[in-house]
Amino acid sequence: MAGRINDDDVKAVRDAVPIDAVVSEYLQLRSAGGGNLKGLCPFHDEKSPSFQVSPSKGLFHCFGCQEGGDTIAFVMKIDHLSFSETVERLAALAGITLRYEEGGYNPTHQRGERVRLVEAHKAAAQFYVEQLDSAEAEIGRKFLAGRGFDQSAAEHFGVGYSPAGWDHLTRYLRGKGFSDKELTLSGLSQEGRRGPIDRFRGRLMWPIRDITGEVVGFGARKLRDDDNGPKYLNTPETAIYKKSQVLYGIDLAKKEIAKTSRAVVVEGYTDVMACHLAGVTTAIATCGTSFGGDHIKILRRLLMDHASAEVVFTFDGDAAGQKAALRAFEDDQKFAAETSIAITPGGMDPCDLRLAKGDAAVASLVETRTPLFEFAIRHVVSRHNLETPAGRAAALDEAAPIVANIKNVAIQHESAVQLAGILGILDTQFVVKRVAQLARWARDRGGRGPAAPQDRRPTPSYDAAPSHSSGPALNLRSPAHRTERELLKLALQRPELVSPAFDAYGADEFTAPPYAAVRQVIEEAGGAEQGAQNASDYLAQVREAAPNDTVRALVTELAVEPIMRKTVDEIYAGEQLIRVRLRAVDRRILDVQGTLARLGGPHADPEQLAAVQNELWVLQQYAQSLRNHGAAAL
């Protein structure tokens, strides 16, 4: 039985390893003010960061799922380790030698299973790297050279070689003190007729590391024709390796992904190498499985769901590549990031492309990406005969819901216009309104867009009826929603900066029903001008005017949420006022243009046509004035 770790040593480990350094290995952290840091919680799905870390206190807490504790508690939960395994791992990081009570320290018997499996993989990775220099591995070195990878590239990615004999690695690891049971559990060895033998033999080896950089598995590439195994052979599922939860290259790419808010998903190990060597250092790949929900969670924690965040998928242009792209599109709504696709020319993968056309071609491939929804739309439309009215109608029926599901409102509108052009439907406004109807981006209360496949929660009520919903499902990646939210925060927190102009805004100028409801209760409480004159009672009056708990909770949230600008002044407030008003005017212009298009036939009523044309001219002049003169034009 393992001895108990000395209490003083546990305290020393806890003090020696900064919690922010440990947590930042798993997710991106940003300043939360007051010396705290925040990020997307790794323990539950969320769209905005409620997970906070206090470096000065050595603690973390999630305000969403209520998980919390110190550095040891964090590592125990995220890596599913025991207390002793966690302390041992952190002690190794800090260079602390642990003392065990109830007997001396025996490293062979007193380390947890996970720690032992990780150590076995670390030793195996080093063994494989050393074997790549052997005479037998010449075939492996030629394979790498033939794909444009020199010795330094192999060293950078830790590529190695597994000898062709039956038990070279097994004997080597036994000599390092690992038991046959540990070698079998690790997936490095498998049972043979006379005991354990190597799982990987005569293959080129890629170490697969988790996000912290620890080797948890291997990908092995066949080199010889007499090898009857699959082209690529991966580590089987083990206590430390779950292929649906690892991304090859994530340890090398994570910092750049967090820094640039972009991740590039490729299909294989050599593609990751080619991209990184070509300067695309945000490239990662799945390990023998399709890109899925657990992979999305890993990336979301690094991307932090910034409005500008992007995930770019690269696929071959063949049928299999297109099928993979459409599978990725099915998961698109799980990202807050934009998703794009880069189709490689001539069916070449990034590795082949780099060989044929150089590093610049690989970098250019990513830059010439296409939005994933556009790819999906064109794929759907291609199945229909657009030469006939029935074919165009069928294509619209199938493609319009795809456009309606686009999260960014501005892109949604542009894509509806584009869809009309693709289909050859001259009445663009018909398609735009069809999409808008499906998306339910209506300004009438209670409307909502088509539910994403993974989101079946009921929509909260924002009218007078009582609601017990957990809260509004708002699309904060929408530029319109973000601006509306910011303006409402100003109206609640700094009403003197937006009054009296704000009080002239109608609820219909707020496209999100929850925000329209908040705008209404501000008006019922006397408006922002009332808040400017009587700040002490203003928020209480607004909350009291709310028709139900849902609206009241949103008022409270907006009243305490930080404004997105350090310097909050009249200029910033004016910018928000203008953006909301200008979007409302632009929406009305589109409506009037649609009416004008329908009235433009030979039998149009001249007076009605003139009235609509005059309204359009007035609106266009007003929009131009807002753009030219800003808040002075309100």
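Up top you'll find the structure we're talking about.
Criteria and thresholds
Residues numbered from 1 in each chain as written. Predicted model: local features only at pLDDT ≥ 70, side-chain atom pairs only at ≥ 80, totals over all residues. Heavy atoms only, no water. Pairing = 2+ DSSP bridges. Helix = DSSP H or I, 4+ residues; strand = E, 2+ residues; numbered from the N terminus. Axes fitted to C-alpha atoms, helices over the stretch in contact; angles between N-to-C directions. Contact = heavy atoms within 4.5 Å. Buried < 20%, exposed > 50% of the residue type's maximum accessible area, 1.4 Å probe, protein only. Salt bridge = Lys/Arg side-chain N within 4 Å of Asp/Glu carboxyl O. Polar contact = N/O pair within 3.5 Å; in protein donor to acceptor, adjacent residues only side chain to side chain. Parallel < 35°, antiparallel > 145°, perpendicular 65-115°, else oblique. Left-handed = near helix turned anticlockwise from the far one by under 90°. Phe/Tyr/Trp six-rings, centres within 6.5 Å; stacked < 30°, edge-to-face > 60°. Expected span 1.5 Å × (residues − 1).

## Describing the sheet that holds strand β2 (residues 36-39)
Strand order in the open sheet formed by 5 strands is β1-β2-β3-β4-β5, with antiparallel pairing between adjacent strands. Edge strands, defined here as strands with exactly one partner in the open sheet, are β1 (30-33) and β5 (68-70). Here the average twist between neighbouring strands, direction ignored, is 25°. Judged from the 4 bridges that link them, strand β3 (residues 51-54) and strand β4 (residues 59-62) form a sheet pairing that is antiparallel. Counted as the bridge partner of Gln52 is His61 from β4. The sheet contacts of helix α3 (residues 71-79) involve β3, β4 and β5, and relative to β5 the element is tilted by about 120°.

## Overview of helix α12 (residues 293-303)
Along an α-helix, residues three or four positions apart point the same way, because every turn accommodates 3.6 residues. Burial within α12 is extensive, with 8 of its 11 residues counted as buried. Of the residues making up α12, those classed as buried are His295, Ile296, Ile298, Leu299, Arg300, Arg301, Leu302 and Leu303.

## Some remarks on the sheet that holds strand β11 (residues 232-234)
A sheet is described by the order of its strands in space; here 4 strands give the open sequence β6-β9-β10-β11, paired in antiparallel fashion. Two strands in the sheet have a free side with no partner beyond their single neighbour: β6 (160-162) and β11. Neighbouring strand axes in the sheet, compared pairwise and without regard to direction, differ in orientation by 35° on average. Helix-sheet contacts for helix α6 (residues 138-146) involve β9 (203-209) and β10 (215-222), and the interaxial angle to β9 is about 65°.

## A short note on the environment of Ala239
Inspection of the secondary structure assignment puts Ala239 in the loop between β11 and α10 (250-260). For the pair Ala239 and Val216, spaced 23 residues apart in the sequence, the C-alpha separation amounts to 9.2 Å. Sequence-distant contacts of Ala239, that is, excluding residues within four places in its chain, are made with Glu113 and Leu117.

## So, the pattern of salt bridges
One pass over the structure, following the stated rule, counts 32 salt bridges. Linking Arg354 and Asp359 is a salt bridge whose minimum nitrogen-to-oxygen distance equals 2.8 Å. Accessibility expressed as a relative area gives 17% for Arg354, which makes it buried. Overall, the relative accessible area of 35% leaves Asp359 in the partly exposed class. Here Arg565 makes a salt bridge to Glu575, at a shortest N to O gap of 3.7 Å. With a gap of 10 residues between them, Arg565 in the loop between α25 (549-560) and α26 (570-599) and Glu575 in helix α26 connect regions that are remote in the sequence. With relative accessibility at 38%, the residue Arg565 sits in the partly exposed group. Note on Glu575: relative accessible area 29%, which makes it partly exposed.

## What about the side chain of Arg203?
Looking at the element boundaries, Arg203 is found in strand β9. Arg203 gets classed as buried once you look at its relative accessible area, which sits at 3%. In terms of polar contacts, Arg203 uses its side chain to reach the backbone carbonyl oxygen of Ala220, at 3.0 Å. A polar side-chain atom of Arg203 sits 3.1 Å from a polar atom in the side chain of Asp227.

## Thoughts on the packing of helix α5 (residues 113-131) against helix α8 (residues 168-175)
Across the interface, α5 lies against α8 with an axial gap of 10 Å and an inter-helix angle of 125°. Taken together, α5 and α8 sit at an angle that is classed as oblique. In this structure, the crossing between α5 and α8 has a hand that is right-handed. On the side of α5, the interface is formed by Ala120, Ala123, Ala124, Phe127 and Tyr128, while α8 contributes His168, Leu169, Tyr172 and Leu173.

## Let's talk about the packing of aromatic side chains
If you walk through the whole model with that rule in mind, you get 18 aromatic pairs. Between Phe43 and Phe60 the ring centres are 6.2 Å apart and the planes differ by 50°, which places this aromatic pair in the tilted class. Residue Phe43 is found in the loop between β2 and β3, and its partner Phe60 is found in strand β4; the two are separated by 17 residues along the sequence. Taking the centre distance of 4.9 Å and the plane angle of 75° together, the rings of Tyr248 and Tyr269 count as edge-to-face.

## Some remarks on the environment of Ala12
Tracing the chain through its elements places Ala12 in helix α1 (residues 7-16). In this structure the C-alpha to C-alpha distance between Ala12 and Ala91, which are 79 residues apart in sequence, comes to 8.6 Å.

## A few points about the environment of Val215
Structurally, the position occupied by Val215 is in strand β10. Those residues in contact with Val215 that sit more than four places away from it in its chain are Val118, His121, Ala125, Pro207, Ile208, Arg209 and Ile240.

## Structural notes on the side chain of Asp210
Residue position: Asp210 is located in the loop between β9 and β10. Within the structure, Asp210 has its side chain in polar contact with the side chain of Thr212 (distance 2.7 Å).

## Structural notes on helix α27 (residues 606-629)
Counted at 1.5 Å a residue, the expected span for α27 with its 24 residues is 34 Å, and the 34 Å between its end C-alpha atoms agrees. Among the residues of α27, Val612, Leu616, Leu619, Ala623 and Leu626 are the ones counted as buried. Two residues or fewer past α27, Gly630 is found with a positive phi of approximately 65°.

## What about the packing of helix α16 (residues 372-381) against helix α18 (residues 409-423)?
One way to put it is that α16 packs onto α18 with a least axis distance of 11 Å and a crossing angle of 25°. With respect to each other, α16 and α18 are oriented roughly parallel. Taken as a pair, α16 and α18 cross one another with a handedness that is right-handed. Residues Phe373, Glu374, Ile377, Arg378 and Val381 of α16 lie in contact with α18, whose contacting residues are Ile411, Ser415, Gln418, Leu419, Ile422 and Leu423.

## Observations regarding unusual backbone geometry
Going from Ser499 to Pro500, the amide bond is cis rather than trans, its omega being 0°. By the element assignment, Pro500 lies in the loop between α21 (495-498) and α22 (513-524). One non-glycine residue, Ser261, lies in the positive phi region at around 60°. Tracing the backbone shows Ser261 in the loop between α10 and β12 (262-266).

## Section: the pairing of strand β15 (residues 338-344)
The buried count for β15 comes to 6 of 7 residues, which makes it a mostly enclosed element. In this sheet, strand β16 (residues 370-371) lies alongside β15 in antiparallel orientation, the contact comprising 2 bridges. For Ile341, the partnering residue across the bridge sits in β16 and is Thr370.

Honestly, it's all geometry; don't read function into it.
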